[in-house]
Amino acid sequence: MELKLKNLIMKIKNVACALLVKDGKLLLQDRKNISKYWEEWSFFWWWIEAWEDSKQALIREIKEELDFDISSWEISYLWEIVHYTDFWIEYHRFLYWIKIPENINIFDDKEWSWAYFFDLNEVLNLKFNTNIDAEIFQLKNNFL
């Protein structure tokens, strides 16, 4: 009975999530000044609109927020990860690995936050709003 009640209240959010990697390091968004859920760091992720699939959302949002057209970059779809939060939100995170080209060095986040590169060991010590074990597993076993 309790599970049914939880499912009625739980909000499901579909998001496209980018693991942006360059030279073995992961680009993360500093969310300390824009956080809604007390996280300090985040992968770059965006809501998927009803008219688009996850890759289209990824390409659209990276263009809007980071001002990069990534349609010609190396992009690999990894899988869908479901995260549950303490805020009654069930995130369906469609995870993509994206290789940042060598000639890209400046990242201007249009959400008024900053972006920084971290190696995987540093990422493990940062504060996120969800468990990131599945993302770390993918990075360790496939890309870093």
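See the structure shown above.
In this report, the structure presented in the accompanying data block is examined. (Residues numbered from 1 in each chain as written. Predicted model: local features only at pLDDT ≥ 70, side-chain atom pairs only at ≥ 80, totals over all residues. Heavy atoms only, no water.)

Our next topic: the nonpolar core. If you look at the biggest cluster of nonpolar residues, it comprises 21 residues, and the most contacted ones within it are Ala18, Leu20, Phe44, Leu58, Ile62, Ile70 and Ile98. Mapped onto this core, the elements with two or more residues apiece are strand E1 (11-22), strand E4 (44-47), helix H2 (54-66) and strand E6 (89-99). Examining the composition of this core, we find that four residues originate from one element, H2, more than from any other. If near-sequence neighbours (up to four positions away) are discounted, Leu20 is found in contact with Lys25, Leu26, Leu27, Phe44, Ile62, Leu66, Ile98 and Ile100. Membership of the second largest hydrophobic core comes to 18 residues, among which are Leu19, Leu28, Trp97 and Phe128. (Core = buried A, V, L, I, M, F, W, Y, C linked by side-chain atoms within 4.5 Å. Buried < 20%, exposed > 50% of the residue type's maximum accessible area, 1.4 Å probe, protein only. Helix = DSSP H or I, 4+ residues; strand = E, 2+ residues; numbered from the N terminus. Contact = heavy atoms within 4.5 Å.)

In this section: H2. The end-to-end C-alpha distance of H2, which contains 13 residues, comes to 17 Å, matching closely the 18 Å that a straight helix rising 1.5 Å per residue would cover. Those residues of H2 not exposed but buried are Ser54, Ala57, Leu58, Glu61, Ile62, Glu65 and Leu66. On an axial view of H2, the arc spanned by its buried residues comes to 120°, and they lie on one face. Each element contacted by the buried residues of H2 is listed here: E1, E4, strand E5 (74-84) and E6. Residue Asp53 occupies the N-cap position of H2, its side-chain oxygen lying 3.1 Å from the main-chain nitrogen of Lys55. (Expected span 1.5 Å × (residues − 1). Arc of directions from axis to C-beta. Polar contact = N/O pair within 3.5 Å; in protein donor to acceptor, adjacent residues only side chain to side chain.)

In this section: the pairing of strand E2 (residues 25-30). For E2, a buried count of five out of six residues is recorded, marking the element as mostly surrounded by other parts of the structure. By the bridge criterion, three bridges tie E1 to E2 in an arrangement that is antiparallel. Each residue of the ladder has a partner; that of Leu20, found in E2, is Leu27. The hairpin formed by E1 and E2 contains two residues between the paired strands, and Asp23 there has a positive phi angle of roughly 50°. In the sheet, E2 pairs with strand E7 (residues 114-118) via five bridges, with the strands oriented antiparallel. Bridging across to E7, Asp30 finds its partner in Trp114. Inspection of the sheet shows E2 paired to strand E3 (residues 41-42) by two bridges, in the antiparallel sense. (Pairing = 2+ DSSP bridges.)

Applying the stated criterion across every chain, the model contains nine aromatic pairs. Where Trp45 meets Trp47, the ring centres are 5.0 Å apart and the plane angle is 80°; that geometry is what we call edge-to-face. On the basis of relative accessible area, Trp47 is assigned to the partly exposed category, the value being 37%. When the centroid spacing of 5.5 Å and the interplanar angle of 45° are considered together, the rings of Phe68 and Trp73 count as tilted. For Phe68, a relative accessible area of 13% gives the class buried. Taken together, the ring pairs connect Trp41, Tyr116 and Phe118 into an aromatic cluster. Lying across the ring of Trp47, Lys13 places its NZ or CZ 5.1 Å from the centre. (Phe/Tyr/Trp six-rings, centres within 6.5 Å; stacked < 30°, edge-to-face > 60°. Lys NZ or Arg CZ within 6 Å of the ring centre and 35° of its normal.)

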